[in-house]
Amino acid sequence: MQKYLFFFLALFTVILGFYYSLAYSNLSGNDFVYPLDDAYIHLTIARNFAENGFWGVNADSFDSASSSILYTLILSLLIKLFGDNVYYPMIINIIAGYGTVYYCYRYFSLFYGKKELLLGLALLIPFCQLYMMVILGMEQTLHILLTVMMIYYIKKNLRSDFAKRDFWKLLLVSTLFGAIRFESMFFVLILAVLLSFRGKWKAGLGILTAGFFPIVFFGFASLKSGGYFFPNSLLMKGNYPESSVFVSLWNIFRKGILTNASFYKLFIAPLAMFGVYFLWKYKNQDWRKILKNETLIILMIGTIILHSLFAVIRYRYENYLMAGIILVVTPIVITFFQNIRDKKDFNYIVVILTSFSGVVLYSIYISVFNHRVIKYASKNIQEQQIEMARFLNNYYNGQKVVANDIGAISYFSNISIFDIAGLASTNVAGFYMENKQLDPKVFDHKYHQFMSRLIDENHYKIAIIYPKWFPEGVPSSWIPIASWTIEKKMGVANQTVVWYALNKNEVEDLRKNLKNFNLNKNVTQYYYSNK
């Protein structure tokens, strides 16, 4: 069946090449620009860690703005060995993309047959948006690859009864899996529990230790360096219990699952297939057989639920789950239609067909939606974040700047950033975490006062932000000088950014610098009247 591997590798190459060309065709100049500003955050932290030993966006402080230990370390190692290069994320992601296709092929060819192989590989690329994850230049492609490898080695260990060589490979992959993103905790924890139910508690404990080791190690290193146990990005974006545990848990369930449209859009079809499969196969049997025989399916169900409750299931963070779903759903679909013959099972057939159609339709929908995103997102970043970085590098190198999008401006210039979004400023993330349970109006007021005081006390000179991102609006003492507006909004949060002078002494210099700057012709610049 090796010919199928070459076919899908070639297909992936064609799709990836097409979308790289599509994104690049809308750019001016010769350099490729990543569709997300976050890719440059990883590069900045990696460079600072390689050159200065600081894990942060600012070159002289520890501020954990990255949710991926492993990805940032790989980038840092490459920078240490070969020097700085903006294309390292592209190289890593392309390799990881091909690795994902290869390990999916190994999984289906070793454990199943031709039908599962063809269906699984055909669905993999669109369902988890593998090509888009590669183009983003983030850690998600590695997360997808390690998820596929985890499922492959779990299946192999279940078959070999955890033979020593297979188990050591699983432990190694578990360690890398825990280090690639913190959401891997959910997968590892549930796997350890399921193995304990199977009587393999030593194996479960080993995997739990391996998977959590990089997370715990990093957490204590972060605490020692003045940060929090988890990265700032998790503090700002994640869901976790607060002072009133029961109320918090209800809010987590309500926001993460009950009223979360993304949960239903992404997971209702595969969850329905899992449920119907269990009813069909185990309707007259002891439920404990499900725990023993269907470890991978239960593992995916549990991870979906925990991720939905405590993490983000939008944008790109869920795609490792989508890859895992394909690996466990595909054999169900093939098995179901090969074995059901009785008319009394007609209802099962209807649900499976409907749910499987949902998986296919979602693959089509997300591919169509992301076609436009890929087409314009890199252009957005070039016209907004890259232009901001060029301006700051020309006129404010080595100076203090307030911002909310911190990737390109930190990577392409040498500035000290106060991040109102909290990723690059641990004190902001800490304030958010410690006060988010307050009434929204009270919180916004305190948040506004807190950041305004820090900015004033530390003598920041200018700001470049989305004004609505500053709670209760920007401080009244800030003086708006100009705004930059791009044509379409795909890869950025807002079309318009505003430049502020933070005191009267900076007004004329900032205005003069903005007028002298050779701004991208596709960006509309508007000057405010300050009389």
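Scroll up for the structure.
Residues numbered from 1 in each chain as written. Predicted model: local features only at pLDDT ≥ 70, side-chain atom pairs only at ≥ 80, totals over all residues. Heavy atoms only, no water.

**Section: the packing of aromatic side chains**
How we decide: In this scheme Phe, Tyr and Trp rings, the latter by its six-membered ring, pair at centre separations within 6.5 Å, and the angle between planes marks the pair as stacked below 30 degrees, edge-to-face above 60, and tilted otherwise. Only runs of H or I of at least four residues qualify as helices and only runs of E of at least two qualify as strands under DSSP, and these elements are numbered from the N terminus. Relative accessibility decides the category of a residue: with a 1.4 Å probe and only protein chains considered, values under 20% of the type maximum give buried, values over 50% give exposed, and everything between is partly exposed.
Considering all chains together, one arrives at 57 aromatic pairs under this definition. With centroids separated by 5.3 Å and ring planes inclined at 70°, the aromatic side chains of Tyr20 and Phe32 adopt a geometry described as edge-to-face. Of this pair, Tyr20 sits in helix α1 (residues 2-25) while Phe32 sits in the loop between α1 and α2 (38-52), placing them 12 residues apart in sequence. Taking relative accessible area as the criterion, Phe32 reaches 7% and is therefore assigned buried.

**So, the side chain of Ser425**
Let me state the cut-off plainly: Distance and chemistry together define a polar contact, namely a pair of N or O atoms within 3.5 Å, with one atom able to donate a hydrogen and the other to accept it when in protein, and with adjacent residues in sequence counting only for side-chain atoms on both sides. Note on contacts: a residue pair is in contact if any heavy atoms of the two residues lie within 4.5 Å.
Position of Ser425 relative to the elements: it lies in the loop between β2 (416-419) and α19 (426-435). Looking at Ser425, its side chain comes within polar contact range of the main-chain nitrogen of Asp419, at 2.9 Å. Among all residues touching Ser425, those that are not within four sequence positions of it are Asp63, Asn232, Ile417, Phe418 and Asp419.

**Section: the packing of α19 against helix α20 (residues 440-457)**
Formally: As a rule, the C-alpha atoms of each element are fitted with a line to give its axis, helices using only the stretch in contact, and angles between N-to-C directions run from 0 to 180 degrees. Any angle that is under 35 degrees is reported as roughly parallel, and any over 145 degrees as roughly antiparallel; angles of 65 to 115 degrees are reported as roughly perpendicular and all others as oblique. What makes a crossing left-handed is the near helix being turned counterclockwise from the far one by less than a right angle; a clockwise turn instead makes it right-handed.
Between α19 and α20, whose axes approach to 11 Å, the crossing angle comes to 160°. For the element pair α19 / α20, the angle class is roughly antiparallel. Handedness of the crossing formed by α19 with α20: right-handed. Residue-level contacts link Asn427, Val428, Phe431, Tyr432 and Asn435 of α19 to Phe443, Lys446, Tyr447, Phe450, Met451 and Leu454 of α20.

**Some words on the state of the cysteines**
Note the following rule: Any pair of cysteine sulfurs within 2.5 Å is marked as a disulfide.
By the definition in use, this model includes zero disulfides. With no disulfide of its own, Cys104 lies closest to Cys128 among cysteine sulfurs, the gap being 7.4 Å.

**So, unusual backbone geometry**
Positive phi, normally seen in glycine, also occurs at Gln129, with a value near 50°. Positive phi values are uncommon outside glycine, yet Glu472 reaches one of about 65°. Tracing the backbone through its elements, the reader meets Glu472 in the loop between β3 (462-465) and β4 (479-485).

**Re the nonpolar core**
This is how it is decided: To define a nonpolar core, start from buried Ala, Val, Leu, Ile, Met, Phe, Trp, Tyr and Cys residues and group those joined through side-chain atoms within 4.5 Å.
Membership of the largest hydrophobic core comes to 172 residues, with the highest contact counts inside it found for Tyr40, Trp484 and Trp499. Here this core takes 15 residues from helix α17 (residues 346-395), the largest share from any one element. Of all hydrophobic cores here, the second largest spans 23 residues; its members include Ile420, Val428, Phe431 and Phe443.

**Quick notes on the pattern of salt bridges**
Condition: Only one rule defines a salt bridge in this text: a Lys or Arg side-chain nitrogen within 4 Å of an Asp or Glu carboxyl oxygen.
Counting across every chain of the model gives 11 salt bridges. Salt-bridge contacts for Glu457 lead to Arg453; the nearest nitrogen and oxygen are separated by 3.6 Å. Of this pair, Glu457 and Arg453 both sit in helix α20, four residues apart, roughly one helical turn. Since its relative accessible area comes to 40%, Arg453 is described here as partly exposed. The residue Lys461 makes a salt bridge to Glu506 at a minimum N-O spacing of 3.6 Å. Taken together, the residues Lys461 in the loop between α20 and β3 and Glu506 in the loop between β5 (496-501) and α21 (507-516) connect sequence positions 45 residues apart.

**Description of the packing of helix α7 (residues 140-160) against helix α9 (residues 184-197)**
To keep things clear, this is the line we draw: Each residue is assigned to one of three groups, with Ala, Val, Leu, Ile, Met, Phe, Trp, Tyr, Cys and Pro labelled nonpolar, Asp, Glu, Lys and Arg labelled charged, and all others, Gly among them, labelled polar.
Their axes nearest at 12 Å, the elements α7 and α9 cross at an angle of 5°. Taken as axis vectors, α7 and α9 run roughly parallel relative to one another. Between α7 and α9, the residues in contact are His143, Met150, Ile151, Ile154 and Leu158 and Ser184, Phe187, Leu191 and Leu195, respectively. For the contact of α7 with α9, the per-class residue count stands at seven nonpolar, two polar and no charged.

**Details of the sheet that holds strand β6 (residues 524-527)**
Stated precisely, the cut-off is as follows: Only strands that DSSP links by at least two bridges are regarded as paired with each other.
One open sheet holds the six strands; their spatial order is β2-β1-β3-β5-β4-β6, and the pairing between them is mixed. With partners counted over all chains shown, the strands left at the sheet margins are β2 and β6, one partner each. On average, adjacent strands in this sheet sit at an angle of 20° to one another, irrespective of strand direction. Two elements, β4 and β5, share six bridges in a ladder whose sense is antiparallel. By the bridge assignment for β5, Trp484 is matched with Val497. Set on the sheet, α21 makes contact with β3, β4, β5 and β6; between it and β4 the angle comes to about 20°.

**Quick notes on the environment of His143**
Locating His143 in the fold gives a position in helix α7. We classify His143 as buried; its relative accessible area is 2%. The spatial distance from the C-alpha of His143 to the C-alpha of Ser64 is 19 Å, given a sequence separation of 79 residues. Once you skip the residues sitting within four places of it in the chain, His143 turns out to touch Phe177, Ile180, Arg181, Ser184 and Tyr320. In this structure the side chain of His143 is engaged in a polar contact, spanning 3.1 Å, whose partner is the side chain of Ser184.

**Regarding helix α15 (residues 295-310)**
Three or four residues apart is the spacing at which side chains of an α-helix point the same way, because the helix has 3.6 residues per turn. Under the convention used in this document: Each residue after the first adds 1.5 Å to the expected span of a helix.
The end-to-end C-alpha distance of α15 is 22 Å, a good match for the 22 Å that 16 residues give at a rise of 1.5 Å each. Taking burial as the measure, the 16 residues of α15 include 13 buried ones, the bulk of the element.

Nothing here speaks to function; it is geometry throughout.
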